[in-house]
Amino acid sequence: MEMIFLGDYIRQRRKDLGLTQRQLCEGICDTTTISRMERGEQTPRHSTVTALLERLGTSYDQYVLLSREEIEIAALQREITVASVQLQQGEEPERSRARAQVLEKLGELEEIAKSGGIEDTPVIRQYLLSVRAALRTLEGSISPEEEITALLEAIRITAPRFNPAKINSRPYYSLEEVRLISHLALAYSHMGDHKKAVGIYSQLHTYVTEHNHGLVKSGGGMPLVAHNYARELGIRGQYKDALAIAEEGRAACVKHSHYQFLPGLLHIMAECQHFLGNDKESKKLYERAYRLYREFGNDRNRSILQKEAQKYHDMDFTS
């Protein structure tokens, strides 16, 4: 494996993309930190380095030295992610247990961040704010409008001049920023503003198509964005466009071995094929999506699929 000095890599990659130090570090750290990194005089915390490298369209997943606090924080974030997925996809009593675990781990994360002196790290503050907003949304304790306000606040921690109408005026985002922008579009969808949601997803799709080519992690954001964009197009009855976007997402899932969104993408494709008059293909896709939902333990969406397949094709998966 080729060994390369992190500071040299950041400087060269930044220049290749035509970014100034100020553009790269905006909202994440100050220019002094970047200058010291590039000169080899400072190595910031892992969360900061990861966010910077993701903006540069690459990742920092291997051979990373972390402090004790950062190792604990990374482990807690993984546990929160797993529990959040269970909360979204499961049924009672699993949902209640998952909610309790998310709250518990969030509390532990906040305590470790404070004790480690990194509560003011922008990336950590952004993560905590976004998770709590998502949790309150799932609980139904905030309105879509309040959710949008919270998400914009979270995004603007690291992207102070973020404008939902001009996403691609800024040619660099971290994966967390991509996820937050996608979540923002979903909030507009929940509010009933599907036109605005599609507008955001369209811009975000262009971004992940043109950037993040070096990001194997999460497929560079393509599976997530394609899933939500295709879903929104389907809501608007744009089935041909939705099918094409969903296929891009499916291909990205397979290419990067990132399967979280695969059953949902197949589900969307099945519904689109039905409305396009291709019922034979639709049935095959419903069967594949059902099997994957079952394997992944996604009971909520599996139940939705069963009702759809029964309605459209008189299919029965219970036998």
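Structural data are supplied above this passage.
Conventions used here
Think of each chain on its own: its residues are numbered from 1, step by step along the sequence as written. The predicted origin of the model limits local features to residues at a pLDDT of at least 70 and limits the giving and counting of side-chain atom pairs to 80 or more, whereas totals for whole chains, interfaces and linings rest on all residues. The side-chain quantities take in all heavy atoms of the structure and omit both hydrogens and water. Only DSSP runs of H or I with at least four residues qualify as helices, and only runs of E with at least two residues qualify as strands; both kinds are numbered from the N terminus onward. Atoms counted for the radius of gyration: C-alpha only. Globule rule: 2.2 Å times the number of residues to the power 0.38. The cut-offs for exposure are 20% and 50% of the maximum accessible area for each residue type, with area from a 1.4 Å probe on protein chains only; residues under the lower value are buried, those over the upper are exposed, and the others partly exposed. Note on areas: these come from Shrake-Rupley sampling with a 1.4 Å probe, and a residue is covered only by the protein chains present in the view. Counted as positive: Lys and Arg. Counted as negative: Asp and Glu, with His and the chain ends omitted from the count. Where a charge lies is defined by one atom per residue type, namely NZ (Lys), CZ (Arg), CG (Asp) and CD (Glu). The contact rule is simple, with two residues in contact once any of their heavy atoms fall within 4.5 Å. What we call a nonpolar core is a set of buried Ala, Val, Leu, Ile, Met, Phe, Trp, Tyr and Cys residues that are connected through their side-chain atoms within 4.5 Å. A helix is expected to span 1.5 Å for every residue after the first. By definition, the arc is the one covered by directions from the helix axis to the C-beta atoms. Residues with no salt bridge and a relative accessible area higher than 30% make up the patches, which join like charges within 9 Å and nonpolar side chains (Val, Leu, Ile, Met, Phe, Trp, Tyr) within 5 Å. For salt bridges, the criterion is a side-chain nitrogen of Lys or Arg within 4 Å of an Asp or Glu carboxyl oxygen.

### Topic: the overall build of the protein chain
A tally of regular secondary structure across the protein chain gives 15 helices and zero strands. For the protein chain, whose C-alpha radius of gyration is 20 Å, the value lies close to the compact-globule estimate of 20 Å for 319 residues. When the backbone C-alpha atoms are referred to their principal axes, the protein chain occupies close to 65 × 40 × 40 Å. In the protein chain, which comprises 319 residues, the proportion classed as buried is 48%. Of the roughly 15,900 Å² of accessible surface on the protein chain, 48% is carried by carbon and sulfur atoms. The positive charge centre, built from 42 side chains, and the negative charge centre, built from 44, are 3 Å apart in the protein chain.

### Re the side chain of Thr48
Mapped onto the elements of the fold, Thr48 is located in helix α4 (residues 46–55). Exposure remark for Thr48: the relative accessible area of 7% places this residue in the buried category. Look past the residues within four positions of Thr48 in its chain and what remains in contact with it is Ile28, Cys29 and Thr121.

### Remarks on the nonpolar core
One broad rule of soluble globular proteins: the nonpolar side chains tend to lie buried together. Grouped together as the largest cluster of nonpolar side chains are 56 residues, with contacts concentrated most on Phe162, Ile181, Leu184 and Tyr286. Those elements giving two or more residues to this core turn out to be α8 (144–158), α9 (175–191), α10 (194–210), α11 (222–235), α12 (239–256), α13 (262–275), α14 (279–296) and α15 (299–313).

### Examining α15
Its 15 residues place the ends of α15 20 Å apart at the C-alpha level, agreeing with the 21 Å of an ideal helix rising 1.5 Å per residue. When α15 is considered as a whole, its buried residues turn out to be Arg302, Leu305, Glu308, Ala309, Tyr312 and His313. Considered in projection along α15, the buried side chains sweep an arc of 125° and stay on one side of the axis. When the buried face of α15 is taken as reference, the exposed residues oriented beyond 90 degrees from it are Lys307 and Lys311. Where α15 is buried, its residues contact α13 and α14. Count one or two residues on from α15 and you reach Asp314, which has phi positive near 55°.

### Some remarks on unusual backbone geometry
Here the residue pair Glu92 and Pro93 is connected by a cis peptide bond, since its omega of 5° sits within 30 degrees of zero. Locating Pro93 in the fold gives a position in the loop between α5 (68–89) and α6 (94–115). The phi torsion at Ser257 lies on the positive side, around 55°, for a residue other than glycine.

### So, a nonpolar patch on the surface
There is a patch of nonpolar side chains on the surface, built from Val254, Tyr259 and Phe296 and spanning about 270 Å² of accessible area. One can find Tyr259 in the loop between α12 and α13.

### Considerations on α13
With 14 residues, α13 should cover 20 Å at 1.5 Å per step; its first-to-last C-alpha distance of 20 Å lies within 8% of that length. Counting buried residues in α13 gives 12 out of 14 residues, a clear majority hidden from the surface. Within α13, the full set of buried residues consists of Leu262, Pro263, Gly264, Leu265, Leu266, His267, Ile268, Met269, Ala270, Cys272, Gln273 and His274. Where the residues of α13 are buried, they touch α11, α12, α14 and α15. One or two positions beyond α13, positive phi appears at Gly277, with a value near 90°.

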